[in-house]
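Chain by chain, the residues run as shown.
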Amino acid sequence: ETILRLKGNMVVPGTWIFPDDPQVKLVGERGLIMTQHHAMPLGVNVARWPADVTYNYSTHPEILERAWRNAVATYEPNQEILWSVGLRGLSDTSYATMDPSVVGDDKRLGMLISKAIATQMRIVREVHPDAKFVTNFWQEGARLVHEGLIKIPPEVIHVWADNGYGIPQDGGMVAAGEGTYYHVAMYNGHANQLSELVPVSRIYEQLGRFIKAGATNYVLMNTSDIRPVAMTAKAVMDIAWRGLPAGDADDYYRKWAT
């Protein structure tokens, strides 16, 4: 309901969830597009990965591919989904923490991520031929893109994540047709999660930069806990709906306070 009031049309209804959790069905009932957290390609709950099952795409690709197929098959067949593709480790760590063969070898890491993306797209299209896809450039993903080591099909929406403090990691590379995954709060052990953290001036500057580049195909906002960051959450969603306002950040603060 909050997302609809803010004119949003898409939601990640939780981070470590399963495709058959109740909130997934509610997404469709609200008329929202379902998408997945960047750490959960195709909706696989990697935080609940069985301790006795290998998670290594180099040595046991069949295990990961079976998990991807099972996740796709678990969603309701008519659910509107923007599929998140990529390859990370368990519980939002780098894949390098799972596979010694890629440690210190960015070329091999990029090759495996590229292979995973292509395979995931094929798995989804076997069930949903007209599926749409997004991939997030977060932490090591952004670095590998800067180094030109990930191959991504052109129909996949490229999404630049910020660094947790409202500064996207594109390094000026953002291009038309891309998008952003933007935090106004972050639970990472040292960021300020329980009060406003990102200045509205930074939100205007960075999202304005994406708008100027034509990178408006996608915006996903992460609020961590929404109640402490209502002010900046609305600032981001207002821009997503209407574009940059005529006034500056001080104008926004004055209007918010009154």
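Use the structure listed above.
Structure report, in brief. (Residues numbered from 1 in each chain as written. Predicted model: local features only at pLDDT ≥ 70, side-chain atom pairs only at ≥ 80, totals over all residues. Heavy atoms only, no water.)

Points about the overall build of the protein chain
Here is step 1: Broken down by element type, the protein chain carries eight helices and seven strands.
Here is step 2: Computed over C-alpha atoms, the radius of gyration of the protein chain comes to 18 Å, within 12% of the 18 Å expected from 2.2 N^0.38 for 258 residues, which places it in the range of a compact globule.
Here is step 3: Residues classed as buried in the protein chain amount to 48% of the 258 residues present.
Here is step 4: Expressed as a percentage of contacts within the protein chain between residues at least 6 apart in sequence, the contacts between residues at least 24 apart total 68%.
Here is step 5: If you sum the accessible surface of the protein chain, you get close to 12,800 Å²; carbon and sulfur atoms cover 53% of it.
Here is step 6: Averaged over its 24 positive side-chain charges, the protein chain has a centre that lies 3 Å from the centre of its 28 negative ones. (Helix = DSSP H or I, 4+ residues; strand = E, 2+ residues; numbered from the N terminus. Rg over C-alpha atoms; globule rule 2.2 N^0.38 Å. Buried < 20%, exposed > 50% of the residue type's maximum accessible area, 1.4 Å probe, protein only. Contact = heavy atoms within 4.5 Å. Areas by Shrake-Rupley, 256 points an atom, 1.4 Å probe, with all protein chains shown as cover. Lys, Arg positive; Asp, Glu negative; His and termini not counted. Charge placed at Lys NZ, Arg CZ, Asp CG, Glu CD.)

Quick notes on the environment of W68
Here is step 1: With respect to the element layout, W68 can be found in helix α3 (residues 61–74).
Here is step 2: Owing to a relative accessible area of 2%, W68 belongs among the buried residues under this scheme.
Here is step 3: Expressed as a C-alpha distance, the spacing of W68 and G43, which sit 25 residues apart in the sequence, is 7.8 Å.
Here is step 4: Discounting residues that sit within four places of it in the chain, W68 has contacts with P41, L42, V44, Y57, L87, A116, T119, Q120 and I123.

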